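The lines below spell out each chain.
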Amino acid sequence: THDSLPTPPRDTASIRKSVYALPPASLTFRNLTFQLQQPNGKSKTILEPVSGHFEPGHLNALMGPSGSGKTTLLDMLAMKKTADYTGQVWVNGRLRNHRLFRRVSAYVSQEDIMPPHWTVKEAITFNAVLKQNPTRKHRTIEDWISVLIASFGLNEVEDSLIGGTEVRGISGGQRRRVTLARGVAAHASLLFADEPTSGLSATDAELCIQALKIICKRLHVTCVVVIHQPRAEVAEMFDTLVLLSSDPGRLVYFGPMANATAYWKDLGFPVPQNVNPTDYFMDTVTPGTRLNEVDAMLAGFRERQLPQLNKQVDDAIQTQGMSIEDMLTMSDLRRLETKGLKQGCGPRRPRLTPPQLRRHAIPFCGQFWVLLRRKITLTIRNPMAVALPLGVPVVQGLIIGYLFVGTGTKDIQRQVMFAFCLLTMLCLAGTMGLIVLITERTLMKHEASEALYSEGAWALAQQCVDIPLALLGAILNVAIMSFWAGLNPALLKTVGVWALLLFFVYDSLFAFIGAVAADTRQAQVLASPCVSVFMLFNGFIVTAKDAPPTLRWIFQISPNAYAMDAIVNAMLANAKADDFQATMFKQMVGFDEKAVESHAMKGFEVLGAMIVILRIGQMLGLKYLNHIKR
């Protein structure tokens, strides 16, 4: 496109600002400190007080040896640190607004977490749509995405699948650039990237940083990158170098990358010829290496740079620029006014209403429709997403149903055993989806932490696709087994209603477990006892009379007990009067025809309440548990 540079020049001064440039955002921080609480009760200092200032549109490198706290510093700047820390952060000289900060920032972690059946263009469009400002309509979203795809060198693969371990897709370097493009697509004036070149070849690493450089200059994005010993060609692209020593993390250099070599020389440590400068810098600040000069570098920093850095921080705080609220509203309104004037509106300008400053860029309904479209698209493209909820119940129905051929004409005990097996299949069916639930929840947690959408919108979109598929599978299972068994037509309604009601209870149960469990192993540990207990306390394997008094309350909450009771009572009610086995079975279970209706109504109430409670628990679990720990 016209606004992209397929081959960005080395000289950043020649990169002109784009009409798509985002509102400028400087980043200032003072005395950011982090201490790790150890199991013995003592605290270990990971990062000593660090202060600094990043100018808008600059590409900043954050470097240091292992244990220097560089990722910790990045997480604190990006408001991703979940553990307690001290210090303050300002955006454009104003204290960071915790509620709205993620509207103007994006964080790119080391992992490329994306659905494998997504295309490159769909992945970038997803972030662009969910983070768009309602008033930013001076250009179409398609133009914005085209600029990003070209700038990150993804034109040739824009319609290719992301891919993964089981799906063939784009290369690792391209996948990394897609992740970076998604961060910029979110209209983020502040971009934080944790080792974006990790695991990439030298060429792919250079392409990634080259793309970030062009984005910073053209779109006026302030980018902070944690990077580990880049080669010389990559290091030259950074505007600022922030270098930390380790054990604990302390600043040893904060200044222009172009001046770093001269700075080391002035301190008496000239970079040897034919040596990568960044490798040499790292060697001099890493304790235990042959070239270790940590003490001298710390003394030089405190004498030469610290006073000037503190003054720069003070000046930045006193010179207040655009607030986050202004970045989200006033700048866009000004652009709309300009557009209106260019279109010949004259003195009669259109009435412009600022967008509501929500935590998320678009309202709940908009989030839901975007998520629903993605869910449907990914489900259609993934054969297993359809085969598991539909194919497995059909196969189970054919096999188990064949075992009970003609059961409808056999004795009552055989019919009760059929009802038990049918309900058991419905109980166990949901356990297959627990792994998928945990995997999709992990993706959701990463995306929700970027304020792309709310947990509720995600859960509703998932349910609109997963529940109908699973429900269709359950209906097919029940229909096939009932057909093989040749049940009395008078029983089909009762069997169908209670089987499907039981399906909704267990679907809600597994959704709740998938929301609160830390991982798939814990989910299985939680699910197995629940299913086993409810199956045992069904009123026939263990009756209420035979159970210990202290455990009889379980029958009152066991969905299997209510379902079995209703189905068996219907079977007994349809039994012939001269059926001796049916008469004996009625006496054994204490069949009371007058109490059947009231007990069934109680079952409806209990199972309905369980569904509501479990769904509420699912939403609370998704919102408050299993956050990404940093």
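Heads up: these notes are all about the structure in this document. (Residues numbered from 1 in each chain as written. Predicted model: local features only at pLDDT ≥ 70, side-chain atom pairs only at ≥ 80, totals over all residues. Heavy atoms only, no water.)

1. Examining the environment of Leu74
Next up, step 1: The topology assignment puts Leu74 in helix H1 (residues 70–77).
Next up, step 2: Separated by 33 residues in sequence, Leu74 and Tyr107 have C-alpha atoms that sit 9.4 Å apart.
Next up, step 3: When near neighbours in sequence (up to four residues on either side) are disregarded, Leu74 contacts Leu62, Tyr107, Phe192, Ala193, Asp194, Val224 and Val226. (Helix = DSSP H or I, 4+ residues; strand = E, 2+ residues; numbered from the N terminus. Contact = heavy atoms within 4.5 Å.)

2. Looking at the sheet that holds strand S8 (residues 222–226)
Next up, step 1: One open sheet holds the six strands; their spatial order is S6-S7-S8-S3-S9-S10, and the pairing between them is mixed. Strands with a single pairing partner mark the edges of an open sheet, and in this sheet they are strand S6 (105–108) and strand S10 (250–256). If you compare each strand with its neighbour and ignore which way they point, the axes differ by 15° on average.
Next up, step 2: Where S6 lies against strand S7 (residues 190–194), four bridges are found, and the strand directions are parallel. By the bridge assignment for S7, Ala106 is matched with Leu191.
Next up, step 3: Packing against the sheet, H1 makes contact with strand S3 (59–63), S6, S7, S8 and strand S9 (240–245), and its axis sits at approximately 155° to S7. (Pairing = 2+ DSSP bridges. Axes fitted to C-alpha atoms, helices over the stretch in contact; angles between N-to-C directions.)

3. Description of the packing of aromatic side chains
Next up, step 1: As enumerated under the stated definition, the model contains 18 aromatic pairs in all.
Next up, step 2: Judged by centre distance (6.3 Å) and plane angle (45°), the rings of Phe29 and Phe254 are tilted. Placement of Phe29 in strand S1 (residues 27–37) and of Phe254 in strand S10 is noted, with a sequence separation of 225 residues between them. As far as burial versus exposure is concerned, Phe29 and Phe254 are alike and both buried.
Next up, step 3: Here Tyr506 and Phe534 contribute two aromatic rings whose centre-to-centre distance is 6.5 Å and whose plane-to-plane angle is 80°, an arrangement assigned as edge-to-face. You can see Tyr506 sitting in helix H17 (residues 489–516) and its partner Phe534 sitting in helix H18 (residues 520–536), a full 28 residues away along the chain.
Next up, step 4: Among the aromatic residues, those joined into a ring-pair cluster are Tyr253, Tyr263, Trp264 and Phe281.
Next up, step 5: Over the ring of Tyr624 we find Lys623; its NZ or CZ atom is 5.9 Å from the centre of that ring. (Phe/Tyr/Trp six-rings, centres within 6.5 Å; stacked < 30°, edge-to-face > 60°. Buried < 20%, exposed > 50% of the residue type's maximum accessible area, 1.4 Å probe, protein only. Lys NZ or Arg CZ within 6 Å of the ring centre and 35° of its normal.)

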